[in-house]
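# Structural overview
Here is how the chains run, residue by residue.
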Amino acid sequence: MENVDFSLVNWSRAQFALTAMYHYLFVPLTLGLSFIVAFMETLYVRTGNQEWKRITKFWMSLFGINFAIGVATGLILEFEFGTNWSNYSWFVGDIFGAPLAIEGIMAFFMESTFIAVMFFGWNKVSKGFHLTSTWLVAIGSNLSALWILVANAWMQNPVGMEFNPDTARNEMANFWEVLLSDVAINKFLHTVLSAYVLSSVFVIGVSAWFIIKNREYLFAKKSIRVAAVFGLLASFLTVATGDGSARNMAKYQPMKFAAMENLYDGQQNAPLAVIGLLKKNKEELDPRKEDFVFKIEIPNMLSYMAYLDPNAYVPGIHDLVKGNTEHNIISYQERIDKGSVAIKSLADYTNAKKSGNDSLAQVSLTNFKANYAHFGYGYYANRDMNELIPNVPLVFYSFRIMVGLGMHFILLFMVVLYLTRKDKMLSNKVVLYTALWSIPLAYIASELGWVVAEVGRQPWVIQDILPTIAAVSQVNSGSVQLTFWLFFVIFTGLLIAEIKIMTAQIRKGPDELKQTEINHV
Amino acid sequence: MFETFSYITLQQYWWIIVSLLAALFVFLMFVQGGQTLLYTLGKTEDQRTVLVNLLGRKWELTFTTLVTFGGAFFASFPLFYSTSFGGAYWVWTLILLAFVVQAVSYEYRTKKDNFLGQKTYEALLFVNGLLGTILVGTAVATFFTGSQFSVNKLNLTVLTGDQMPIISVWKGSAYGLEAALNVLNLSLGLAVFFLSRVLAILYFINRISDSEIILRSRKHLLYNAIPFVVFFLVFVISIMLSDGFAVNPIDNNVFMEPYKYLHNLLAMPLVAILFVVGVLLVLGGIILPLVKFEKFQSTGIWLAGIGTVLTVFMLLLLAGFNNTAFYPSEYDLQSSLTIQNSSSSLYTLTVMSYVSLLVPFVLAYIWYVWKSIDNKKIDIAELKSESHVY
């Protein structure tokens, strides 16, 4: 295709990535802190201890600062499917729109209604009603995550649908298959659990700061305990679901998996490179013996990770692109040819139907159906095949940094839990500063998780079926470029404001909060 | 139960839901209207704090309704989502920008170390109120006045030539901004803007006990009601007298029919009656507090609010029902979107219809919650005793 406006596709991608990454700076804290606050308030209601109320209100005030900006960036994301990915919105809107609508009806109203009770209801409703509201905010925000992640998972592994050639789109055939697909369940769990980890790291880091400053020791200790237990449990489950994600990836998105592992030539008993430094190589498709400058490997681990079998064969990038008859992998060229047939047959079918040529319509339809699994590859006829390979180093390094940081958090949770039990938290400056500096690391790990998921699946908007070049809206790229910078300036300004306000609020501390309350009640 | 419904029934059911959500959203934009009145009605810092807090407790409801409207429209009429959002790019993007800055402005306005300063956040609230209402009104007006686009699903199979494989293509390079320059569209935009201010004022006099604000509100109720009525009438009378985008039910051919929207009104008596009732309620909600303030100071917002929902609801039914193209293209009539050619599949509409059964439940808990925490008038003394103040 000579006709693709690359600058438009790339700016549209950049804008979506910008919005998604900013949005995800705020979402995980909302998802996890809402539960942490609910635990704390539960302790308050059960024990009647005012200290727990003070703790609850302090973390709630931070929750509020973070919440609004997450809502705002989320709105943009929802509408960008239409503004920047118009073809996509029609091509799969029949399936993709439903979770978005359900999210609004089921989750957003719950969240936004009960958040009002959480903030304004302290003196107006009963303790039980207030506590229930806090829990409903946590459940509501996590429900909204469920629906949007179901939608995202469906893009990675499109199931429960059928293409309707008369409407030129995919139509939902089975709602439960969409909702309960293994990718959807795994993605939801892995994402929300990692959000709980981030929130726990946040609570521990902020509490550590109070201890460093010699303030609020009891408050900090209590907060750390709740967060460390929650964080540790969530961490183990994040590892387990991450493992599930890798297996799903190997099964449904082998190219993403190979890219994540920098695996060019497939092999049996594939080792996992725990740490590695990649060779720079512009000619991605040239066969090479060595892809690493340096690496530390665990033998058979990659095969085990992908298929729970240390002897299993894991295909590499070359095998996927060039095909491998021994392992029943068809080449990208073949897939491109089949995809082109599918696209042409769709055109033939439509034209034949218009002109009343039923037999041609029937033949074209049969041809189309036989080749539909490769539909998206058809858009790469006469194009550079390298476009079908994601950015390997970015995905490779992102994955490793994310996992490494995840391990670091587990260790952190264990150490602080031990130290608070032994009441040794005060004296250990190294742990305190590590906890504090782990806050930005948790955000980096979360963002990198999305980099692996989303950069790794390029160029597919819908795996194998719709690439970015055929999903975009036809706006001039100058407009998208301009809106990109508008969003960039606004988001960045708001982020700076958020961080400053958050920091000021933390400096004020829970004590200040108590004082104002005492003064006014 | 929904499995027994015909495709067209479900399409109509979803048009009703989307229209109702849009109508609720227009009513809830009283929050936006109020944001443009902070300095008009509040002369001291305390007074502005009361106004901001009153609105701040409701912004999320408006916002959530907008998000849900977007999701529901996407799920039920995806071709509209792709054609309009992807085509009228600038109008929708500006609406989004206007809403992004709103959410945080409440939360950050009076916070310590807020980077941009209180005045900036107040300015952003104003921008949201001004641009948000006018542009939404303008966008809705194009349902009656038409836009410049073409839809060709065969484009998906275009692999060569100078065209991208994109189904919906907008004509011209203004990407929707041209709609804001159309006088008729703009008059609906301004009608929505002034209506949102009228509703905000009615809400304030229902909820605030500060006599100074009340006094000013009464004055400004009249100042905003007059332009609202003028712009609204200009729009409604114009579309009733102009040609509309009709669909031939037999061959789905779209053609221009003189007095189409007037015909729709006459063909659907229930819609006509509710439309008139809605308009009368809005007028009553404005006029009654103006003439007999003491007696009607609390009822104004109820009458005008219910009236607004009814009026907008019925207007959108006029645009979509009775063989009418709800999102017409002037550039290529046959590309116009109807509730039949732009909807989701029968299966998806059925699934979504089950989800829609949750709506009454959602409305019930919203009602219950706000009844429990919003039970008395608000003043600065109450706000000073609160732990969460905007």
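Residues numbered from 1 in each chain as written. Chains lettered and ligands numbered in written order. Predicted model: local features only at pLDDT ≥ 70, side-chain atom pairs only at ≥ 80, totals over all residues.

### Observations regarding the overall build of chain A
Rules: Secondary structure counts use DSSP, requiring at least four H or I residues in a row for a helix and at least two E residues in a row for a strand, with both numbered from the N terminus. Just to be clear, the radius of gyration here is over C-alpha atoms, and the globule rule we use is 2.2 Å times residues to the power 0.38. Exposure is read from a count of other C-beta atoms within 10 Å of each residue's own; the residue is exposed at 12 or fewer, buried at 20 or more and partly exposed in between. C-beta atoms are placed from the backbone.
A tally of helices and strands in chain A yields 15 helices and 8 strands. Relative to the 2.2 N^0.38 estimate, which gives 24 Å for 521 residues, the radius of gyration of chain A is 25 Å and therefore close to what a compact globule would have. When each of the 521 residues of chain A is scored for burial, the buried share is 54%.

### Description of the interface of chain A and chain B
As a reminder, the rule being used: Any residue pair is listed as a contact if its two C-beta atoms, each placed from the backbone, are within 7 Å. Under this grouping Gly is polar, as are all residues other than the nonpolar Ala, Val, Leu, Ile, Met, Phe, Trp, Tyr, Cys and Pro and the charged Asp, Glu, Lys and Arg.
Across the contact, 79 residues belong to chain A and 75 residues belong to chain B. Elements with a minimum of two residues in the side of chain A that touches chain B: α2 (50-83), α3 (86-120), β2 (169-172), α11 (332-354) and α15 (477-520) of chain A. The dominant element in the side of chain A that touches chain B, judged by the number of residues it contributes, is α3 of chain A, at 25 residues. Its residues assigned to classes, the side of chain A that touches chain B comprises 46 nonpolar, 22 polar and 11 charged.

### A few points about the confidence of the model for chain A
Reading fine detail from the predicted coordinates is not recommended where pLDDT is low. Selection rule: The predictor rates its confidence in each residue with pLDDT, a number between 0 and 100.
Here chain A averages 91 in pLDDT, while 95% of its residues score no lower than 70. This stretch, residues 514-521 of chain A, has a pLDDT under 50; its non-local contacts, to residues over four places away or in other chains, come to 6 contacts.

### Remarks on helix α6 (residues 182-212) of chain A
Helical geometry note: an α-helix holds 3.6 residues per turn, so side chains three or four residues apart project in the same direction. All names here are of chain A. The cut-off we apply is this: Helix span is expected to be 1.5 Å times the residue number reduced by one.
In this model, α6 (31 residues) spans 44 Å end to end at C-alpha, consistent with the 45 Å of a helix rising 1.5 Å per residue. Counted residue by residue, α6 has 27 buried out of 31 residues, so it is predominantly covered. Where α6 ends, the next residue or the one after it, N214, has phi of about 60°, a positive value.

### Here's the deal with the domain arrangement of chain A
Where we set the bar: What fixes the domain bounds is an automatic or database domain assignment.
When its domains are assigned, chain A resolves into domain 1 (29-180), domain 2 (261-327) and domain 3 (332-385). With centres defined by C-alpha atoms, the gap from domain 2 of chain A to domain 3 of chain A works out at 33 Å.

### Considering the environment of G140 of chain A
All names here are of chain A. For G140, the location among the structural elements is in helix α4 (residues 127-156). Placed 195 residues apart in sequence, G140 and R335 show a C-alpha to C-alpha distance of 42 Å. Sequence-distant contacts of G140, that is, excluding residues within four places in its chain, are made with A107, M110, E111 and F114.

### Quick look at the nonpolar core
Threshold: Any set of buried Ala, Val, Leu, Ile, Met, Phe, Trp, Tyr and Cys residues joined through C-beta atoms within 7 Å is what this text calls a nonpolar core.
Formed by 301 residues in total, the largest nonpolar core has its most connected members in I36, W59 and V150 of chain A together with A191, V198, L199 and F204 of chain B. The leading source of residues in this core is α3 of chain A, at 22 residues. The contacts of F204 of chain B, once residues within four sequence positions are left out, are G34, L41, L51, L54, I213 and S217 of chain B.

### A word on helix α15 (residues 300-320) of chain B
All names here are of chain B. The terminal C-alpha atoms of α15 lie 30 Å apart, and with 21 residues this matches the ideal 30 Å at 1.5 Å per residue to within 8%. Burial runs high along α15: 19 of the 21 residues are buried. Immediately downstream of α15, the backbone of N322 shows phi near 60°, a positive value.

### Quick notes on the confidence of the model for chain B
Summarising the model, chain B shows a mean pLDDT of 94, and 99% of its residues fall at 70 or more. Averaged over each element, pLDDT in chain B is lowest for helix α18 (residues 380-384) of chain B (78) and highest for helix α2 (residues 30-35) of chain B (98).

### Thoughts on the packing of helix α5 (residues 59-76) of chain B against helix α7 (residues 89-108) of chain B
Residues and elements named next belong to chain B. What counts here: Between the N-to-C directions of two axes lies an angle of 0 to 180 degrees, each axis being a line fitted to C-alpha atoms and, for a helix, fitted only over the stretch in contact. Note that the term roughly parallel is reserved for angles under 35 degrees, roughly antiparallel for angles over 145, roughly perpendicular for angles of 65 to 115, and oblique for everything else. Crossing handedness is read from the near helix: turned anticlockwise from the far helix by less than a right angle, it gives a left-handed crossing, and turned clockwise, a right-handed one.
One can describe the packing of α5 onto α7 by two numbers: an axis separation of 11 Å at closest approach and a directional angle of 155°. Taken together, the axes of α5 and α7 are roughly antiparallel relative to one another. When you trace α5 past α7, the crossing you get is left-handed. Taking contact as the criterion, the partners of W59, F63 and L66 in α5 are, on α7, F99, Q102, A103 and Y106.

### Quick notes on unusual backbone geometry
Here Q458 of chain A and P459 of chain A are connected by a cis peptide whose omega angle stands at 0°. Locating P459 of chain A in the fold gives a position in the loop between α14 (429-455) and β7 (460-462). A positive phi angle, close to 50°, is found at N269 of chain A, a residue other than glycine. Relative to the assigned elements, N269 of chain A resides in the loop between β3 (267-268) and β4 (272-278). C-beta crowding within 10 Å serves as the criterion here: with 16 such atoms nearby, N269 of chain A is assigned to the partly exposed category. We note that N322 of chain B has phi near 60°; this positive angle belongs to a residue other than glycine. Here N322 of chain B is to be found in the loop between α15 and α16 (346-356). The exposure class of N322 of chain B is buried, given the 20 C-beta atoms found within 10 Å.

### A look at the pairing of strand β5 (residues 292-298) of chain A
Residues and elements named next belong to chain A. For clarity, the threshold we go by: Strands were regarded as paired on the criterion that DSSP finds at least two bridges between them.
Burial analysis of β5 places just 0 of its 7 residues in the buried class, a small minority of the element. Examined bridge by bridge, β4 and β5 share 6 bridges and lie antiparallel to one another. Along β5, the bridge assignment pairs L272 with I298.

### Examining the packing of α3 of chain A against helix α6 (residues 78-87) of chain B
Contact pair α3 of chain A / α6 of chain B: the axes reach a minimum separation of 8 Å and the direction vectors enclose 150°. As summarised for this structure, α3 of chain A and α6 of chain B are arranged roughly antiparallel, according to the angle between their axes. Taken as a pair, α3 of chain A and α6 of chain B cross one another with a handedness that is right-handed. Within the contact between the two elements, α3 of chain A uses S86, N87, S89, W90, G93, D94 and G97 of chain A and α6 of chain B uses P78, L79, Y81, S82, T83, F85 and G86 of chain B. Counted by class, the contact of α3 of chain A with α6 of chain B contains 5 nonpolar, 8 polar and 1 charged residues.

### Focus on the environment of L61 of chain B
Tracing the backbone through its elements, the reader meets L61 of chain B in helix α5. When sequence neighbours within four positions are dropped, the list of residues in contact with L61 of chain B reads S112 of chain A together with L28 of chain B.

### Things to note about the environment of Y380 of chain A
All names here are of chain A. With respect to the helices and strands, the residue Y380 is situated in the loop between α12 (358-371) and α13 (392-421). Given 23 C-beta atoms within 10 Å, Y380 falls into the buried group. In sequence terms Y380 and S340 are 40 residues apart; their C-alpha atoms lie 8.4 Å from each other. Discounting chain neighbours no more than four positions away, the residues touching Y380 are I336, M385, E387 and L388.

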